[in-house]
Structures are given as C-alpha cells and as structure tokens.
Amino acid sequence: MPGSLENVKHIILVLSGKGGVGKSTLSSQLALAMVKSGLKVGLLDVDLCGPSIPKMFGMDANNIHQCPEGWVPVYTDQSQQLALMSIGFLLSKPEEAVVWRGPKKNAMVKQFITDVYWGERDVLIIDTPPGTSDEHIAVVESLRDFNPDGAVLVTTSQAVAVADVRREFSFCRKTGINVLGVVENMSGFVCPTCSECTNIFSQGGGQSFAEQNNITFLGRVPLDPALTASLEKGSSFAEQFPSSPTFAAVQQIASRLLPPDTSSSSTGGSSTTATS
C-alpha cells in the first residue's frame, strides 16, 4: 500500500488500562532511545482527544503537508531520524477540543495508519489512548495486514493501575495482539540533587502482574523531575541528561523490545529537537 507502512520494519503499540500512568511519556522516550542508538523511528499519536506528543517534542507549532504518497509526518531533525504524526498537528489551536463520534474517530485512525508516508523506518511506535475504546479497535483492524510486533503494557505499581492493565491484557488476547511485555512506570524517584533513586511509592505491582500471566517484565522506570521539565519545554531529555537512571532504564527497555536483527539505517545520533 503506497505511502503507508510497507517500508516499516517493526511496529510496536504502547497501551495502558488507564490514564495518568505515563504512557505518552514512555512512548516519547522509547523513540528517543531508539534514535540515539542510530535507528530511524516513527512515533504515531492516535490519542485523538488528548494529543500530547507534539508538545513533548516542542513541535506543536508545526503543520502537516501533503505529498503524492500521502501525508508527510513532522520531522524533528534535519536527518529525519525521528518522524511524528498526531492530530495535534491538524488542530487550528492546541487547546481545541476534538468532539467526534466513534465513526469519525475510526476514520481518522485508519487514515493515520494508511495515508502517512513514513518512508524507510526501522521502528514505528504507536501511542494509543488509555482504555479499550473505538480507537484501539480501529488501530488493530488497520494493522492486520502489516503484522505488528506487539504491544507494550504500561502500568504503575499501585493496585488500581495494575487492575486496569489486566483489562488491557484481556483486550490484547481477545484481539490477537502479541504482548511484548510490561513496564512498571513511576517506580522510584530520582533525586534532582544527587541522582540517587529512592522508592517513595509501592514497588513490584507491574512485575508481579507479569509473572502471574507469564509475560515478559521489561523493567521499571523511575520518576525524574528533569524529565518532566524537558517535556514541558519540548527539549530532548536524552540529549540533556544521558546519564539519568530514568533514561538508562528506558534504553534498556528499548533494547529488549527490538530483535537482534534490527540494523542501524541512519547516519548518526543528531539531536531530536528541532528549532522552528
């Protein structure tokens, strides 16, 4: 299908059972970690009612353009190592609400899957909204012909979040989506002064869930105030804080997600934050 996913080697969905567990944050940092390792990455934001990816990369003032092959994603750097697509780029104002019924949402999601010209990409990460809604079904149905690698389930260690991620796991089983593993997010706190990681909340809920269901536990990602500040400013956390325990955890998860045959197709680790 020209202009769609035929030249994308690997497709990874990022899912969560509830909002507020840091799914979009993890998606953005996984993309940065893979770019830093030399891969060409696409990041598709299909959260139609709460698109946050453009803001996280400082690209919310950019617009989508057309080419003969389809929609051209927004590139964050001159080498086009990281490509972004989000409904946020199509809104006239960032605060504008998307008030659509299911059929229109489904049509938009399918258009994102089939009409975006990603070009040659090693990986496409799809950041989905929380829950198991129309958007998720539309994504799964539209990806059938492209054999996605599977889904990453994001949770925090609290019992409420783990209970919700069980429903997401059930959704994956019912729709035939392979579960690549579970990430326990916000597990620990990185001190902004000494960088020591301290467990200030409960820990182990995500790992216990993974073990109970024979799913791969991909790792824990601690809270880091520097990451929050980077996302607010739209700057690259990976470039500014490469030694952070949080980014080291994300890098380890990224390396576990990609098979050994994933090759570097880009020319280097250029910055992933563009200047307007």
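Remember, predicted model here, so these are calculated numbers, not experimental data.

A word on the overall build of the protein chain. For the protein chain, the count of helices and strands is 9 helices and 11 strands. Its C-alpha atoms give the protein chain a radius of gyration of 18 Å, within 12% of the compact-globule value 19 Å for 276 residues. C-alpha extents for the protein chain along the principal axes are approximately 50 × 40 × 40 Å. Counting the 276 residues in the protein chain, one finds 53% classified as buried. Across the protein chain, the fraction of contacts at a sequence separation of at least 24, relative to all contacts at a separation of at least 6, is 79%.

Here the focus is the packing of aromatic side chains. Using the criterion set out here, one finds 4 aromatic pairs in the structure. Between Phe 237 and Phe 247, the ring centres sit 6.3 Å apart and the planes meet at 80 degrees, which makes this aromatic pair edge-to-face. Taken together, the residues span a long stretch of sequence, with Phe 237 in helix 8 (residues 237-240) and Phe 247 in helix 9 (residues 245-257) at a distance of 10 residues. Under the relative-accessibility criterion, Phe 237 is labelled buried at 1%.

Here we come to the side chain of Ser 230. Here Ser 230 shows up in helix 7 (residues 225-233). Overall, the relative accessible area of 1% leaves Ser 230 in the buried class. Setting aside chain neighbours within four positions, we find Ser 230 in contact with Met 56, Ser 235, Phe 237, Gln 240 and Phe 241.

Let us now look at the pattern of salt bridges. One pass over the full model with this rule turns up 5 salt bridges. Note that Lys 9 and Asp 122 form a salt bridge whose closest N and O atoms lie 3.2 Å from each other. One end of the pair, Lys 9, is in strand 1 (residues 8-16); the other, Asp 122, is in strand 7 (residues 121-127), with 113 residues separating them in the sequence. Between Lys 23 and Asp 127 there is a salt bridge; the shortest N-O distance is 3.0 Å. Taken as a pair, Lys 23 in helix 1 (residues 23-36) and Asp 127 in strand 7 lie far apart in primary sequence, 104 residues in all. Judged by relative accessible area, Lys 23 falls into the buried class, the value being 7%. Exposure remark for Asp 127: the relative accessible area of 0% places this residue in the buried category.

This part covers the confidence of the model for the protein chain. On average, the protein chain scores 87 in pLDDT, and the residues at 70 or more come to 92%. The low-confidence segment residues 266-276 (pLDDT under 50) makes 30 contacts with residues lying over four places distant or belonging to another chain.

Judged by how many residues are buried, strand 1 sits mostly within the fold: 8 of 9 residues are covered. Sheet analysis places strand 1 next to strand 7, joined by 6 bridges and oriented parallel. The partner of Val 14 across the bridge, within strand 7, is Asp 127. Bridge count between strand 1 and strand 8 (residues 150-155): 5 bridges; the pairing is parallel. Among the inter-strand pairings, Ser 16 is bridged to a residue of strand 8, identified as Val 154.

Take helix 3 (residues 102-115) next. The end-to-end C-alpha distance of helix 3 is 19 Å, a good match for the 20 Å that 14 residues give at a rise of 1.5 Å each. The set of residues buried in helix 3 consists of Gly 102, Lys 105, Met 108, Val 109, Phe 112 and Ile 113. Each buried residue of helix 3 lies within a common arc of 135 degrees when the element is viewed along its axis, so the set occupies one face. Where the residues of helix 3 are buried, they touch strand 2 (41-45), strand 4 (70-72), strand 6 (82-86), strand 7 and helix 4 (134-143).

With that settled, the discussion passes to the environment of Thr 132. Its location among the elements puts Thr 132 in the loop between strand 7 and helix 4. Taking the C-alpha atoms as reference, Thr 132 lies 6.8 Å from Glu 168; in sequence the two are 36 residues apart.

A few words now on the packing of helix 3 against helix 4. Close contact between helix 3 and helix 4 brings their axes to 9 Å; oriented N to C, the two are set at 40 degrees. The crossing of helix 3 and helix 4 is right-handed. From helix 3, Gly 102, Lys 105, Asn 106, Val 109, Lys 110 and Ile 113 reach across to helix 4, where they touch Asp 134, Glu 135, Ala 138, Val 139, Glu 141, Ser 142 and Leu 143. Of the residues belonging to the contact of helix 3 with helix 4, the class tally is 5 nonpolar, 3 polar and 5 charged.

The rules behind these values
Residues numbered from 1 in each chain as written. Predicted model: local features only at pLDDT ≥ 70, side-chain atom pairs only at ≥ 80, totals over all residues. Heavy atoms only, no water. Helix = DSSP H or I, 4+ residues; strand = E, 2+ residues; numbered from the N terminus. Rg over C-alpha atoms; globule rule 2.2 N^0.38 Å. Buried < 20%, exposed > 50% of the residue type's maximum accessible area, 1.4 Å probe, protein only. Contact = heavy atoms within 4.5 Å. Phe/Tyr/Trp six-rings, centres within 6.5 Å; stacked < 30°, edge-to-face > 60°. Salt bridge = Lys/Arg side-chain N within 4 Å of Asp/Glu carboxyl O. pLDDT = per-residue confidence, 0-100. Pairing = 2+ DSSP bridges. Expected span 1.5 Å × (residues − 1). Arc of directions from axis to C-beta. Axes fitted to C-alpha atoms, helices over the stretch in contact; angles between N-to-C directions. Left-handed = near helix turned anticlockwise from the far one by under 90°. Nonpolar A, V, L, I, M, F, W, Y, C, P; charged D, E, K, R; others polar.

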